[in-house]
Amino acid sequence: MLTPEGGRLRDLRGAFLSRRAHESFTRYADAQFRRLDPAAPKWKQAMHLIRLLLSGRHLVRHGEPLIQVGDHRDRLLAIKRGEVPWAEIAAWRAELTGDLADAAGVLPAAPDRASVETYLVAVRRAHLSRERV
């Protein structure tokens, strides 16, 4: 069950975003990729790497992360099972990383700190008044 505060927080989720998100996704994905050994890849880790990049690309294009992988599900599961050649995974990763780097995106330059602070102060005040009762 979603509380009223939770609903307001969910509605405010865009206020936390900025263009720096693509940098965070790219840096983390690069670090994960460097940890993978092409001679003995950990397929589940490779699948999660690609899923992360898909989510990041969706975030910069649409302003929200990709949660349901839908069209990519079968290919991701094939990676997890080790059925996709390493070269194909590396190429997909390079494509997604390039998409992230090139995306001007729909994200704002900076988070909406004023809206976030207003929300946090209102929630804190509401809870303080409840504690006094």
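Above this text you will find the structure in question.
The text that follows walks through the structure, step by step, so that each part is easy to find. The structure displayed is predicted, hence computed values, not measured ones. (Residues numbered from 1 in each chain as written. Predicted model: local features only at pLDDT ≥ 70, side-chain atom pairs only at ≥ 80, totals over all residues. Heavy atoms only, no water.)

1. Description of the overall build of the protein chain
Next, step 1: Within the protein chain one finds six helices and zero strands.
Next, step 2: Mapped from its N terminus to its C terminus, the protein chain presents α and β elements in the order α-α-α-α-α-α.
Next, step 3: For the C-alpha atoms alone, the extent of the protein chain along its principal axes is close to 65 × 30 × 25 Å.
Next, step 4: Long-range contacts, defined here as pairs at least 24 residues apart, represent 73% of the contacts in the protein chain between residues at least 6 apart.
Next, step 5: The averaged location of the 16 negative side-chain charges in the protein chain is 6 Å from the averaged location of its 23 positive side-chain charges. (Helix = DSSP H or I, 4+ residues; strand = E, 2+ residues; numbered from the N terminus. Contact = heavy atoms within 4.5 Å. Lys, Arg positive; Asp, Glu negative; His and termini not counted. Charge placed at Lys NZ, Arg CZ, Asp CG, Glu CD.)

2. Some remarks on the pattern of salt bridges
Where side chains of opposite charge bring their charged atoms close, a pairing between them can arise.
Next, step 1: Taken as a whole and judged by the stated rule, the model has five salt bridges.
Next, step 2: Between Arg61 and Asp99 there is a salt bridge, with the nearest N and O atoms lying 3.7 Å from each other. Note that Arg61 is positioned in helix 3 (residues 43–62) and Asp99 in helix 5 (residues 86–102), a separation of 38 residues in sequence.
Next, step 3: Under the relative-accessibility criterion, Arg61 is labelled partly exposed at 44%.
Next, step 4: Owing to a relative accessible area of 21%, Asp99 belongs among the partly exposed residues under this scheme.
Next, step 5: Note that Glu83 and Arg81 form a salt bridge whose closest N and O atoms lie 2.8 Å from each other.
Next, step 6: Through salt bridges with shared partners, a single network forms among Arg57, Arg61 and Asp99. (Salt bridge = Lys/Arg side-chain N within 4 Å of Asp/Glu carboxyl O. Buried < 20%, exposed > 50% of the residue type's maximum accessible area, 1.4 Å probe, protein only.)

3. A word on the packing of helix 2 (residues 20–35) against helix 5
Next, step 1: Orientation of helix 2 relative to helix 5, taken along the N-to-C sense of each, is 160 degrees, at an axis distance of 10 Å. Between helix 2 and helix 5, the angle is such that the two are roughly antiparallel. Two packed elements cross with a definite hand, and for helix 2 against helix 5 that hand is left-handed. Seen from helix 2, the contacting residues are His22, Phe25, Thr26, Asp30 and Phe33; seen from helix 5, they are Trp86, Ala90, Arg93, Thr97, Leu100 and Ala101.
Next, step 2: Its residues assigned to classes, the contact of helix 2 with helix 5 shows six nonpolar, three polar and two charged. (Axes fitted to C-alpha atoms, helices over the stretch in contact; angles between N-to-C directions. Parallel < 35°, antiparallel > 145°, perpendicular 65-115°, else oblique. Left-handed = near helix turned anticlockwise from the far one by under 90°. Nonpolar A, V, L, I, M, F, W, Y, C, P; charged D, E, K, R; others polar.)

4. A few points about the environment of Leu36
Next, step 1: Its location among the elements puts Leu36 in the loop between helix 2 and helix 3.
Next, step 2: Each C-alpha atom of the pair Leu36 and Gly56 lies 20 Å from the other, and the pair is 20 residues apart in sequence.
Next, step 3: Ignoring sequence-local partners within four residues, the contact set of Leu36 consists of Lys42, Gln45, Ala46, Leu49 and Trp86.

5. Overview of the packing of aromatic side chains
Next, step 1: By the definition in use, this model includes one aromatic pair.
Next, step 2: With a centroid separation of 5.7 Å and an interplanar angle of 10 degrees, the aromatic rings of Phe33 and Trp86 are classed as stacked. A residue pair is termed long-range when its members are at least 10 positions apart, and Phe33 in helix 2 and Trp86 in helix 5 qualify at 53 residues. Like Phe33, the residue Trp86 is buried in the burial classification.
Next, step 3: The ring centre of Trp92 lies 3.7 Å from the NZ or CZ of Arg75, which sits over that ring. (Phe/Tyr/Trp six-rings, centres within 6.5 Å; stacked < 30°, edge-to-face > 60°. Lys NZ or Arg CZ within 6 Å of the ring centre and 35° of its normal.)

6. Brief notes about the environment of Ala90
Next, step 1: Here Ala90 lies in helix 5.
Next, step 2: Look at Ala90 and you get partly exposed, because its relative accessible area is 21%.
Next, step 3: Along the sequence, Ala90 and Ala21 sit 69 residues apart, while their C-alpha atoms lie 22 Å from each other.

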